[in-house]
Amino acid sequence: MPEASKVQKKGGVSLTTALFGLLLAGSIGYLIGTSPSGVSPPVAVDQPAPPWPLLRVAVGLSDFLLDTGKAMLPPDIQVFNKATAFFESAVIYTFCKLRIQDELAAGPKTCSALASGIQANEDMTCRILRAGQKIGLVQPTADGKWQNTAMAQLLVGDDPSSMRHFVQMINEESLLAW
């Protein structure tokens, strides 16, 4: 074992330096490979977007960090996370189907007021709100009301960048294909 560390020091390249170089080279290669003409992708009119090269590097770094984090999880935790991922999707879908985020877009509401607004059972509404809090869709206020987070705002129906229809398509049409 001591021999390996001596070889590494003699080579002059530490593992950290090698990984950084690999990450940098991979990011540059990814950037060049995905935008050969240097043209930015189309974006929504009202949506400012970062420069294409910066976005590509950020996405590459994010993917690298996510993959590293996943690789560090024991296999049983990875299987558990994948097996229960459907629950998160079901909560997001329920928010979209009942339009909970649309009701909360007008401002924070109590569980009771929200249940009345969406014409749903109060106990069920309170449970779905707690599930939504767990995955980051809503958060309680100091006075016991519920409000949208930035993630839930992406599901509001009249927002031009709304992902509500995508969520509904994935959970209705695409799910039937399986």
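The model shown is predicted, which means the values in this text are computed figures rather than measured ones. One numbering rule holds for all chains: residues counted from 1, following each sequence as written. Owing to the predicted nature of the model, reporting of local features is limited to residues with pLDDT of at least 70; listing and counting of side-chain atom pairs is limited to 80 or more, with chain, interface and lining totals taken over all residues. In computing side-chain values, all of the structure's heavy atoms are included and hydrogens and water are not.

Student: Explain the overall build of the protein to me, please; I cannot follow it from the model alone.
Tutor: Helix numbers and strand numbers start at the N terminus; a helix is a DSSP run of H or I with at least 4 residues, a strand a run of E with at least 2. Of the regular secondary structure elements, the protein holds nine helices and two strands. Counting helices and strands in the order they occur from the N terminus, the protein gives α-α-α-α-α-α-α-β-β-α-α. Three labels apply to residues, based on accessible area from a 1.4 Å probe with only protein chains included: buried if under 20% of the type maximum, exposed if over 50%, partly exposed otherwise in between. When each of the 178 residues of the protein is scored for burial, the buried share is 21%. Contacts were defined at the residue level, with two residues in contact if any of their heavy atoms lie within 4.5 Å. For the protein, long-range pairs separated by at least 24 residues make up 47% of all intrachain contacts whose partners lie at least 6 apart in sequence.

Student: Help me out: how do you make sense of the packing of helix H4 (residues 75-98) against helix H9 (residues 164-177) in this one?
Tutor: Only the stretch in contact is used when fitting a helix axis, every axis being a line fitted to C-alpha atoms; angles between N-to-C directions are given from 0 to 180 degrees. The geometry of H4 relative to H9 is characterised by a closest axis approach of 9 Å and an angle of 120 degrees between their N-to-C directions. One element, H4, and the other, H9, form an angle in the oblique class. Two packed elements cross with a definite hand, and for H4 against H9 that hand is left-handed. Seen from H4, the contacting residues are Phe86, Ser89, Ile92, Tyr93, Cys96 and Lys97; seen from H9, they are Arg164, Val167, Gln168, Asn171, Glu172 and Leu175. Amino acid classes used here: Ala, Val, Leu, Ile, Met, Phe, Trp, Tyr, Cys and Pro are nonpolar; Asp, Glu, Lys and Arg are charged; the rest, including Gly, are polar. Residues of the contact of H4 with H9, tallied by class, amount to six nonpolar, three polar and three charged. For classification purposes, an angle smaller than 35 degrees is called roughly parallel, one larger than 145 roughly antiparallel, one from 65 to 115 roughly perpendicular, and anything else oblique. Should the near helix be turned counterclockwise from the far one by less than a right angle, the crossing is left-handed, whereas a clockwise turn marks it as right-handed.

Student: Could you clarify how one ought to interpret a nonpolar patch on the surface in this entry?
Tutor: Only residues whose relative accessible area exceeds 30% and that form no salt bridge are eligible for patches; like-charged ones are grouped when within 9 Å, while nonpolar side chains (Val, Leu, Ile, Met, Phe, Trp, Tyr) are grouped when within 5 Å. Shrake-Rupley sampling with a 1.4 Å probe provides the accessible areas, and residues are treated as covered by the protein chains on show and by no other component. Counted as salt bridges are all cases of a side-chain nitrogen of Lys or Arg within 4 Å of a carboxyl oxygen of Asp or Glu. A grouping of Leu154, Met163, Phe166, Met169 and Ile170 is seen on the molecular surface, where their side chains present a nonpolar patch of about 410 Å² in accessible area. In this fold, Met169 is placed in helix H9.

Student: Explanation requested: the nonpolar core in the structure shown.
Tutor: Among soluble globular proteins, nonpolar side chains are generally buried collectively. Throughout this description, the term nonpolar core refers to a set of buried Ala, Val, Leu, Ile, Met, Phe, Trp, Tyr and Cys residues connected via side-chain atoms within 4.5 Å. The biggest cluster of nonpolar side chains holds 18 residues, and the ones touching the most others in it are Phe95, Ile100, Leu104 and Leu129. Elements with a contribution of two residues or more to this core: H4, helix H5 (100-105), helix H6 (111-118) and helix H7 (122-134). No other element matches H4, which puts four residues into this core. The contacts of Leu104, once residues within four sequence positions are left out, are Lys109, Leu114, Leu129, Val138, Trp146, Gln147 and Asn148.

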